[in-house]
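Tertiary structure, described
Each chain, written out:
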Amino acid sequence: MSALMTVSMTINGTETEPVEVPEDLMLLEFLQEYLNLTGTRYGCGQGVCRACAVIHDGPRGPRALPACITGVAWANGRAFRTVEGHAERDDEVNVTAITPVQQAFLDHFSFQCSFCTPGFVSAAQALVERLEVDPVPVEDVEDVVLAALNENICRCTGYVRYLEATRDVILATPGLTTGVERAEES
Amino acid sequence: MDQFSRRGFLKAGASAAAICVTPLNEALAGLQNERQFQSPGWREDGKVRFRQDGIPKVTGEKVFAVDIRARDMPDWPDEQSHAFFIRVPRADRVFEGVTLDPLGEALQPDVMITDETLRRDGVEMVEADFYGAFFLAAGEVPTYLGQPVAVLIYHDYGRFRAAKSRLRFNEDALVWGDAAEPPERTPYGATRYVRIGGDTRDAEDRFSPLKNAPIFAEFTDGKPDWPSPDRNGEAGAKAMALAGDLRAELDDPPEGWKVYRRSYRSQYVDPAALEPDNGNAWYDSANGTLHVVTGTQSPWTNADHIEKMVSASRFELDELRFHPGYTVGYGQKEHHVFPYYVAMTALYGDGRPVRLALDRWEHFQSALKRHPFDTDITLAVDRETGEFRSLAADQRADGGGVKNFSPSVGQVSATALQSVYYLPKSDLAVQVDASRAPTAGSMRGYGTLQSMVAMELLVDEVAEDLGRDPIELRRINVFHSGDKNTQGAIPGGALRADEMLEAAAADPIWTERAERKKAFEAENPGYRYGVGFSCVQKDYGTGAEAALVQLELSPEGHLHMRHVASEIGCGATTSQMLMTEPHLGKPADSVDFAVTDWPSLPLEANDEPYTMSQETQDGFAENPRWVPRITSPRSASNSAYYFTHATTEAARLLFELGLWKAALSFWQEGIGGGQAGPLHVRREEAEWRDGHLVAGGLNPLPLEDLARRAHERGYITGVTVHTFNRWAWARAEFEVEGTRFEAPIDALSVRWGEGAGDDKRSAMTEGGYAFQPRRRVDYPPVQRNNAAVTYYAPCATLVELSVNPGSGEVRVLNHRSWLECGRQIVPELVSGQLQGGIAMGIGHALYEEMPLYEDGPGNGTWNFNRYRLPRAEDVAVWAQSATVLDPLSPTDPPKGIAEVVMIPVVAAIGNAVHHAIGHRFHRTPITPERIKEVTA
Amino acid sequence: MRTLLRILAGLVLLGLVTGLVIFFGFTGAGPVPPASRDLEALDEEAEAEMYALGEYVAKAGDCAACHESEDGLSFAGGTPMETPMGTVYGTNITPSETNGIGNYTADDMYRAMVYGIAPGERRLYPAMPYTSYHAVSRADIDALYVYLMAQDPVEKPNRPAEMVFPFNLRPLIAFWNLIYRPDPPEDPGPGLSGGEDLAEDRRGPYLVDVLGHCGECHTPRNLAFAKTDDHLGGTVIEGAVAPDITPQGLARRGWTRENLGQFLSTGLSPQGVMTFRMFPVLSHSTKYLPARDIEAVATYLAEDMPDPASPPSEPAAVDAHPEGHGLYMGLCAGCHGSEGEGQPFGSVAMVGNTTLMLDNPLNLQRVIREGIPARSLSGHLRMQEMPAFEATLEDSELEALTEYLRDRWGVGAM
């Protein structure tokens, strides 16, 4: 068995209690088996399908990364957002408000089985936040959305409704795009 | 016999354990004392705004079985044990046993289960012929790659993961003996469909499977023994004689015929459901209760088999609590064997819940696959008219290590081969073999993708050879409403493939294809552009579709539904909630899905809907509580039509038997027949507007008032119905409150409102309901099984693509589809199915493939790195478009479309690649390597 | 670089006069042997035979690796080749008369391949490996000619080379040729066209040194960018190490003849996976070599090879490099294994990995920084994406991780 190490990290804004874990434990296992946060899903265990994507809030801004191949040895001391941390919740952890990305996924009927949905929520949210800092021209939005979500595998939906939802959030949110003004503003 | 006597010995006098199935989301909701209600804002302006299961899914709640840990389950202990399989990655030597030495002292399992353990305890797989035995026994040669030999249980996660990681990708725990061949296996089945039509399309068939019989072969030394041909013999002998004539005619065709013989090959595919096979179960020996959480498309069958399995063993079982999660399968979890391993493993959990969840390598190694087919087609075409004259086909499929649904996948493949065309005569033979490959099951398409893609590729080739436009040739031969299919059955309703052919023929992608090719290739030097088309129709349903639905109104007008439907992603739970609206003015307010305990309508079934004789059926049908089967497995395709029928009938009966009486009681209140007195009120005129019942200018009545009145007066406020369909609906006559009526259901119970009198109250003895024995029932005759299929949904797809002859990469630039699905319940769900099916079809056409045997997934080294799934960039995500044909009438039933949508795009891609580079591929997928072989 | 420029510039000035004499007298194309057969009068069967052979020559000669377009059109040109003197782009060798070689005769093709002289006396940069191809048999070139001329022409213009002064003056290549261009051998042998006549002992060298032109990358170059005598001794080219593939160099890093064969035919072996410019070599060339030729190549490369070293492993590195070990566990172990065992067919093992055993850490650092895209190797082998860690790792972290890896399983543990 591998050596043990004590880790603690910030998950959805809350610092975890230090806990002793195998040093080769993956972040996904930590979330699921130690924190019971199972919204981040295991799809392939090799970083290919991105069902396990979480947002890392690092010094270079938010970035989606695969939790199934990211070890706690690196995650230790860092901050992450999982799918459970996007919506606002009351004291009983019931959802009280969801994010524009989540709302758009609902409105567009973006998912079917929803196994990959947490990964798409993470990737789309990270994209939206990246565009807040670094907006792109309106005419590039579709390409940017495709590039940002192309790593996420979905077997049910054919991607159309995820990508359209993400595009619409970006076009509807002031400040994410440059260039041509949106019709409703002009 | 052996099992029977042992069971008698062990469990003499014991009755079956109680089975309680609660969907996982409800089991969890129970924890919060909540029932599943409509989400706030679910509907707006009469339109569904999002899926009923949308919010928990988008916020990362626990909705899948794979999300569940022991501490999540109410009443379970918190400590979670974990288990993993040991499997054989090869089948070329004698398996001598398992050694745990490589794990060292620190990583020894807390429990190991092998064949020996199960023998000792009398735990046997139910229907082992269908599912396979649990474990390969020591001393035997593996039957197939990936066969399980042991399960190891660990009571802590740290040692579990370390041990699993130690034994992953190696054979260190396996002790091997001498080299050996896997045992010889008898093929799973061979079937033949011979149809010789009459002189005209509408004349009676000379011979057909429906009129006469399909032919099933026995096997000698692995070869099918078809009956000896005899023109005057039994159906089988006669069929063989006629098939012989048909083949002879194709060998020596009449003047004017052109005969095409082509061979097609489709590949071995993993459905790649993203939720790997998994489950979590707790055997509470103190109370004799087994709790099972798992992902499955066949919850009722699972629960039934698990109860039988445990009851027959040395383990006590008084109650089984079975919780299917929301899941996903595309057939990969339909009648899959996994839930039985979950339940079996829990028996050895030392009182602790045990989680058995496959990683993706293991899922590839063991989960159900799509059958690869070799399809030889001989098609005779009239040179002058382009009409198809005669069709012969021989199909061979590989079913892998365990039988599962192999025989019927073969049958469905053969009966679909005709695609959308009328064939005056045909001889379709299919055989499915056993092999050492991991088992193939009933993946989306169920064999039809394999056969129709072959036919659709051939039709394009024929068109080119005859100098005809491929769509024009299709229109010449298209199947018309009222024509007989290759089984001799007349499909239900209007068949509208012809409309799609017309639309596609006029589409600019098709009419401008030559100009577009020229322009594209000039603009992109070196690239090749092509357009391809295909149109197919897919049957939906299983030929024994059964469902149960209960609807109940509270005095406040709250509508509660209990339903057998479960959620596999396609939105069945959303659509079924809506189906009460036409009759009851609103969707269900709350629901229980995936229900399998039905105290309100206890029924009996022999569950042999396909195989029993007419005599048996007639005998059983005398018993008003008998139905051919209780409920059928979940697939995306059967819910829309078959479940909708059941929900609609329940809603209609609740209205007609209860609410309508309540309405009349309002309208006829007062002297002279009240406000209705001067008017003539007809039930048919009644309809719902904004939650109010309106009819013939009478005062609109809110549902709440009707519900209250129905309760006050003891009218009917709840119904439970059972429905059965064998390519036609079972119909029965009932007498309720003195009124006789007929309905397309085969069992009914009712509940009277709170004001009901003592006589009625005393009749409500079963789950608060009163069983209403049918007076008469008409089940579709068993002969109807021979029809194979009668419900079809058509779909057509045009594809534009480009080929890079250097890299061999095919890029789908655009695609346009036409779909007919009757009346759409939720259009967004229909188009989502279409988009998703097309993506899966693109994967089948271009990327997805595995070797069957030693280099294939059975060796435990396959994952998504080399099983290439289509991604967003592969499916023309921004360019694609689709048209759903308008229904012919507002009463068109919704059709099951989730399977058909993935098929035409496959052949359309093959035909487009030919347009692009001039080569016809007869096998899928069309990989870069295969393209390069012909372009280099 | 500066020294090099100075020396070469000096050479140019000093040799100007004599140069002109040499230029016109000695550095053009040498003698061209007669065509192996009358290419104008091929019957269908002969043409098909030559086409098939030509296809194989093109693959063994790996034409497409440099002549493919950026997006993979086999011979449409555009692949950049970076040299210290500037960038040369592979040319369009489809039979387009405007943009390709549609006007070439078979003799023209021979002159281009063997002497580096294109029609119109245009001198090719030695990025075209004529110093390797100089020994290609005429029959092989004729077959290649038939094959290339049967391809679909692609109307894609060539991209001019972007060389720094004075290397942008093509005529000066004449002087380089004078010194560094070998003459074709008296008897180049039958080549691949000879079938069985190309004896086993000549087949390996012909495939490796001539058609395969392995030395163009793997042999160190001198200041004039000409290959030195340190044949296949390994060097840095185009920003990556082309490793030492001498028998000694290979054995030191644990290669066997069998592993070499496996690596060349599938792209994957216990030592690692094809990366950098070896990946196109696999895709266009080595994976198409039949078993016999793979065998010949591996046998030649492993000639008189010492016993291969066992995979090095130094567990003490874990404690010696806590930062590097932590980074490995956090960012690498998920795929490459906590004990460096890798995942079959998806992620290479660190144990026995050839890149870790190179003296120069360049390839290792580049792979970690830049990642490797997901791609198909051969058959059903397809590697997952190796993520790029450029945006994740600070320079010092990259350094720590590299040191740990090399000390744990690489050159530091040997």
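Residues numbered from 1 in each chain as written. Chains lettered and ligands numbered in written order. Predicted model: local features only at pLDDT ≥ 70, side-chain atom pairs only at ≥ 80, totals over all residues. Heavy atoms only, no water.

The number of helices and strands found in chain A is six helices and eleven strands. By the compact-globule yardstick of 16 Å for 186 residues, chain A fits well, its C-alpha radius of gyration being 17 Å. If you line up chain A on its principal axes, its C-alpha atoms span 60 × 30 × 30 Å. Looking at chain A as a whole, 61% of its 186 residues are labelled buried. For chain A, restricting intrachain contacts to residue pairs at least 6 apart in sequence, the fraction spanning at least 24 positions comes to 56%. (Helix = DSSP H or I, 4+ residues; strand = E, 2+ residues; numbered from the N terminus. Rg over C-alpha atoms; globule rule 2.2 N^0.38 Å. Buried < 20%, exposed > 50% of the residue type's maximum accessible area, 1.4 Å probe, protein only. Contact = heavy atoms within 4.5 Å.)

The secondary structure content of chain B amounts to 25 helices and 36 strands. Computed over C-alpha atoms, the radius of gyration of chain B comes to 29 Å, within 12% of the 30 Å expected from 2.2 N^0.38 for 936 residues, which places it in the range of a compact globule. Taking the principal axes of its C-alpha atoms as reference, chain B extends roughly 90 × 80 × 65 Å. Among the 936 residues that make up chain B, the fraction classed as buried is 65%.

Scanning the model with the defined rule gives 118 salt bridges over all chains in all. The salt bridge partner of aspartate 705 of chain B is arginine 708 of chain B, with a shortest N-O separation of 3.3 Å. Here aspartate 705 of chain B pairs with arginine 708 of chain B, and both are found in helix H21 (residues 703–713), just three residues apart, close to one helical turn. Overall, the relative accessible area of 40% leaves arginine 708 of chain B in the partly exposed class. Of the charged contacts, one joins glutamate 238 of chain C and arginine 277 of chain C as a salt bridge, the two residues approaching to 3.0 Å between their closest N and O atoms. Highlighted residues: glutamate 238 of chain C in the loop between strand S6 (235–237) and strand S7 (240–242) and arginine 277 of chain C in the loop between strand S9 (272–273) and helix H13 (278–284), separated in sequence by 39 residues. What makes glutamate 238 of chain C partly exposed here is its relative accessible area of 24%. Connected through salt bridges with shared partners, the residues Arg731, Glu733, Glu735, Arg740, Glu742, Arg775, Arg776 and Asp778 of chain B form a single ionic network. (Salt bridge = Lys/Arg side-chain N within 4 Å of Asp/Glu carboxyl O.)

Right, let's get into the confidence of the model for chain B. Residues and elements named next belong to chain B. In this model, chain B carries a mean pLDDT of 92, and residues with pLDDT of at least 70 account for 96%. Note on residues 1–15: pLDDT under 50 across the span, and 13 contacts to partners over four residues away in sequence or across chains. Note on the complex model: pTM 0.93, ipTM 0.96. (pLDDT = per-residue confidence, 0-100.)

Before going further, it helps to spend a moment on the interface of chain B and chain C. Across the contact, 22 residues belong to chain B and 24 residues belong to chain C. Roughly 1900 Å² is buried in total at the junction of chain B and chain C, and carbon and sulfur atoms are behind 50% of that figure. Counting the surface chain B buries against chain C, the share from its top three residues, Asn865, Arg866 and Ala936 of chain B, is 30%. Connecting chain B to chain C are two salt bridges. Where arginine 528 of chain B meets aspartate 152 of chain C, a salt bridge forms, and the shortest distance between an N and an O atom there is 3.2 Å. Along the contact surface separating chain B from chain C lie eight residue pairs in polar contact (both at pLDDT 80 or more). Looking at the side of chain B that touches chain C, the element that brings in the most residues is helix H25 (residues 928–935) of chain B, giving three residues. Of the residues in the side of chain B that touches chain C, the class split is eight nonpolar, seven polar and seven charged. (Buried area = accessible area lost by both parts, 1.4 Å probe. Polar contact = N/O pair within 3.5 Å; in protein donor to acceptor, adjacent residues only side chain to side chain. Nonpolar A, V, L, I, M, F, W, Y, C, P; charged D, E, K, R; others polar.)

On to the environment of isoleucine 179 of chain C. You can see isoleucine 179 of chain C is positioned in helix H8 (residues 173–180). Overall, isoleucine 179 of chain C belongs to the exposed group, its relative accessible area being 56%.

With that settled, consider the environment of aspartate 318 of chain B. Residue and element names in this part refer to chain B. Looking at where aspartate 318 falls in the secondary structure, it is placed in the loop between helix H8 (299–311) and strand S16 (319–324). On the accessibility criterion, aspartate 318 (48% relative accessible area) is partly exposed. A sequence separation of 153 residues divides aspartate 318 from serine 165, and the C-alpha atoms of the two residues are 37 Å apart.

Another aspect to go through is helix H7 (residues 138–149) of chain C. Owing to its 3.6 residues per turn, the α-helix aligns residues three or four sequence positions apart on the same side. Residues and elements named next belong to chain C. Across its twelve residues, H7 extends 16 Å between first and last C-alpha, which sits within 8% of the 16 Å expected from 1.5 Å per residue. In terms of burial, H7 is a largely internal element, ten of the twelve residues being buried. Restricting attention to buried positions, one finds in H7 the residues Arg138, Asp140, Ile141, Asp142, Ala143, Leu144, Tyr145, Val146, Tyr147 and Leu148. Those residues of H7 hidden inside the fold are in contact with helix H3 (44–60), helix H4 (63–67), helix H5 (106–115) and helix H9 (200–211). (Expected span 1.5 Å × (residues − 1).)

Okay, the packing of helix H11 (residues 406–416) of chain B against helix H12 (residues 448–466) of chain B next. Residues and elements named next belong to chain B. Across the interface, H11 lies against H12 with an axial gap of 7 Å and an inter-helix angle of 25 degrees. Considering the angle they form, H11 stands roughly parallel to H12. In this structure, the crossing between H11 and H12 has a hand that is right-handed. Contact residues: Val412, Ser413 and Ala416 in H11; Thr448, Ser451 and Met452 in H12. (Axes fitted to C-alpha atoms, helices over the stretch in contact; angles between N-to-C directions. Parallel < 35°, antiparallel > 145°, perpendicular 65-115°, else oblique. Left-handed = near helix turned anticlockwise from the far one by under 90°.)

Counting buried residues along H11 of chain B, nine of its eleven residues qualify, which places the element largely inside the surrounding structure. Along H11 of chain B, the positions that sit buried rather than exposed are Ser406, Val409, Gly410, Gln411, Val412, Ser413, Ala414, Thr415 and Ala416 of chain B.

The partner chain B presents 68 residues to the 57 residues of chain A that form the contact. Taking both sides of the interface into account, the surface hidden between chain A and chain B amounts to around 5300 Å²; carbon and sulfur atoms contribute 57%. Scanning the region where chain A abuts chain B turns up eight salt bridges. Here glutamate 33 of chain A makes a salt bridge to arginine 69 of chain B, at a shortest N to O gap of 2.9 Å. Taken together, the connections running from chain A to chain B amount to 40 residue pairs in polar contact (both at pLDDT 80 or more). Counting residues per element, the ones that place at least two in the side of chain A that touches chain B are helix H1 (27–34), helix H3 (100–107), helix H4 (117–133), helix H5 (141–149) and helix H6 (160–172) of chain A.

Residues and elements named next belong to chain A. Per the domain assignment, the segments of chain A are domain 1 (4–85) and domain 2 (88–178). For domain 1 and domain 2, the distance between their C-alpha centroids amounts to 21 Å. Each side of the interface is counted separately: domain 1 has 17 residues, and domain 2 has 15 residues. For domain 1, the biggest contributors to the area lost against domain 2 are Arg41, Arg50 and Val83; these three give 36% of the whole. Counting every contact that joins domain 1 to domain 2 gives two salt bridges. Two residues, arginine 81 and glutamate 129, come together in a salt bridge whose shortest N-O distance is 2.7 Å. Inspection of the region where domain 1 meets domain 2 yields seven residue pairs in polar contact (both at pLDDT 80 or more). (Domains from an automatic or database assignment.)

Residues and elements named next belong to chain A. For the pair H3 and H6, the least separation of the axes is 9 Å and the interaxial angle reads 135 degrees. Taken together, the axes of H3 and H6 lie oblique to each other. Our pair here, H3 against H6, has a crossing hand that is right-handed. Listed contacts from H6 to Pro100, Val101, Ala104 and Phe105 of H3 are Tyr162, Ala165, Thr166 and Val169. Taken together, the residues of the contact of H3 with H6 break down into seven nonpolar, one polar and no charged.

Residues and elements named next belong to chain B. Counted residue by residue, strand S35 (residues 810–819) has eight buried out of ten residues, so it is predominantly covered. Direction of pairing for strand S34 (residues 792–803) relative to S35: antiparallel, over a ladder of nine bridges. Bridge pairing links valine 799 to histidine 815 in S35. Of the strand pairs in this sheet, S35 and strand S36 (residues 881–884) are connected by four bridges, and their pairing is parallel. Counterpart to tryptophan 818 in the pairing with S36 is threonine 883. Handedness of the crossover joining S35 and S36 through helix H23 (residues 827–846) is recorded here as right-handed. (Pairing = 2+ DSSP bridges. Right-handed = clockwise from strand over helix to strand, strands pointing away.)

On to a negative patch on the surface, then. Taken together, the side chains of Asp43, Glu44, Glu45 and Glu47 of chain C make up a negatively charged region of the molecular surface. When you line up the elements, aspartate 43 of chain C lands in the loop between helix H2 (16–25) and H3. (Patch = residues over 30% accessible without salt bridge, like charges linked within 9 Å, V, L, I, M, F, W, Y side chains within 5 Å. Areas by Shrake-Rupley, 256 points an atom, 1.4 Å probe, with all protein chains shown as cover. Lys, Arg positive; Asp, Glu negative; His and termini not counted. Charge placed at Lys NZ, Arg CZ, Asp CG, Glu CD.)

Moving on, we get to the sheet that holds strand S22 (residues 545–553) of chain B. Residue and element names in this part refer to chain B. One open sheet holds the six strands; their spatial order is S24-S23-S22-S28-S31-S32, and the pairing between them is mixed. Edge positions in the open sheet fall to strand S24 (590–592) and strand S32 (770–771), since each of these has one partner strand only. Pairing of S22 with strand S23 (residues 559–563), which is carried by five bridges, proceeds in the antiparallel orientation. Pairing of glutamine 550 across the sheet is with arginine 562, part of S23.

The amide bond that connects threonine 924 of chain B to the next residue, proline 925 of chain B, takes the cis arrangement and shows omega of -5 degrees. Tracing the sequence through the fold places proline 925 of chain B in the loop between helix H24 (904–917) and H25. Cis rather than trans, the peptide bond between phenylalanine 165 of chain C and proline 166 of chain C has omega equal to 5 degrees. Checked against the element boundaries, proline 166 of chain C lands in the loop between strand S5 (162–163) and H8. A positive phi angle, near 50 degrees, is found at aspartate 607 of chain B, a position not held by glycine. Along the chain, aspartate 607 of chain B turns up in the loop between S24 and helix H19 (614–621). Here aspartate 607 of chain B falls in the partly exposed class, since its relative accessible area comes to 39%. At phenylalanine 225 of chain C, a position not held by glycine, the phi torsion is positive, near 65 degrees. Here phenylalanine 225 of chain C shows up in the loop between helix H10 (215–218) and S6.

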